[in-house]
Amino acid sequence: MPLLTLPSVVGHRGAASYSPENTLASLTEAKTRGATWVEFDVKLSGDGVPVLMHDASLKRTAGLDRAAAATSWAEIATLDAGGWFAPRFAGERVPSFEQTIRHLAVLGLGANVEIKPCPGREAETAIATVRMLQRLWPAALPTPVLSSFADSALAAARDTAPELSRALLFGATGDDWAARASAVGAVGINVAARRLTPERAADIRAAGYLLSVYTVNEPEAARRLMVMGAHSIISDAPDLVIAALAR
Ligand code: G3P
Ligand code: MG
């Protein structure tokens, strides 16, 4: 794969301020609002199908009070993943990762693919995700980046698909951030913006990593973070951040 280049703005869970997170509608919304890349969360259904879902439970976004890990893809695919957000999105589905890649190809969007495993399924989730990227990622799209809070997921991704770029996700970075990033061969560090200090941002940049920050919906905060050294801002409202950075 070619070298990773990140855009200055990435839509979070699609464009989660405007449409139900981690749905095809949300990816389309991000594109409509000017994003060139999106972030979304991938975990496995009970029968091992990679799907877009943030929470371990299906309850909040798909209305079924059960773990995704205990539910088959066939059942997940029938759930309403949009009605909770606004009535006009009722009938929106939980997409599989495969459906998502095909949709990104149509939209021409790049992706930060967050591996969001249920506990105990870190390696399995990473392997299923990278195998699908190897099989289906369109050559015409930008090189994607894999991210995860789970070091073991990124290690499994590296072992299965070393050619795919990786970013280690943090809430706050501890003093072992560089050792952890190096251990999984990460090229990127993705940090919670409100927990990032200017000193740590400078250290990350000086060490040669691509620095992404999440989740930034305030235009002025986005501008400050770019000055602090962020390469990329992950936002629920990519249109607002794009406008702020253009000022
Ligand atoms: O990838 C950035 C961000 O999505 C990480 O946190 O909980 O929104 O997946 P979360
Ligand atoms: Mg995420």
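For the structure given in this document, a descriptive report is provided here. (Residues numbered from 1 in each chain as written. Chains lettered and ligands numbered in written order. Predicted model: local features only at pLDDT ≥ 70, side-chain atom pairs only at ≥ 80, totals over all residues. Heavy atoms only, no water.)

1. Quick notes on helix 8 (residues 198-206)
Phase 1: Taken together, the buried positions of helix 8 are Arg200, Ala201 and Ile204. Buried residues along helix 8 cover an arc of 105° about the axis, so they all sit on one side. For helix 8, exposure combined with an orientation more than 90 degrees from the buried face picks out Glu199 and Ala206.
Phase 2: For helix 8, the elements touching its buried residues are helix 7 (177-183), strand 7 (188-192), strand 8 (210-214) and helix 9 (219-228).
Phase 3: One or two positions beyond helix 8, positive phi appears at Gly208, with a value near 90°. (Buried < 20%, exposed > 50% of the residue type's maximum accessible area, 1.4 Å probe, protein only. Helix = DSSP H or I, 4+ residues; strand = E, 2+ residues; numbered from the N terminus. Arc of directions from axis to C-beta. Contact = heavy atoms within 4.5 Å.)

2. Let's talk about the pairing of strand 7
Phase 1: Most of strand 7 sits inside the fold, with five of its five residues counted as buried.
Phase 2: Of the two faces of strand 7, both are covered, the one formed by Gly188, Asn190 and Ala192 as well as the one formed by Ile189 and Val191.
Phase 3: Sheet analysis places strand 6 (residues 165-170) next to strand 7, joined by four bridges and oriented parallel. Note on strand 7: the bridge partner recorded for Phe170 is Val191.
Phase 4: Note on the crossover from strand 6 through helix 7 to strand 7: the handedness is right-handed.
Phase 5: Taking the sense of rotation as the criterion, the β-α-β connection linking strand 7, helix 8 and strand 8 turns out right-handed. (Pairing = 2+ DSSP bridges. Right-handed = clockwise from strand over helix to strand, strands pointing away.)

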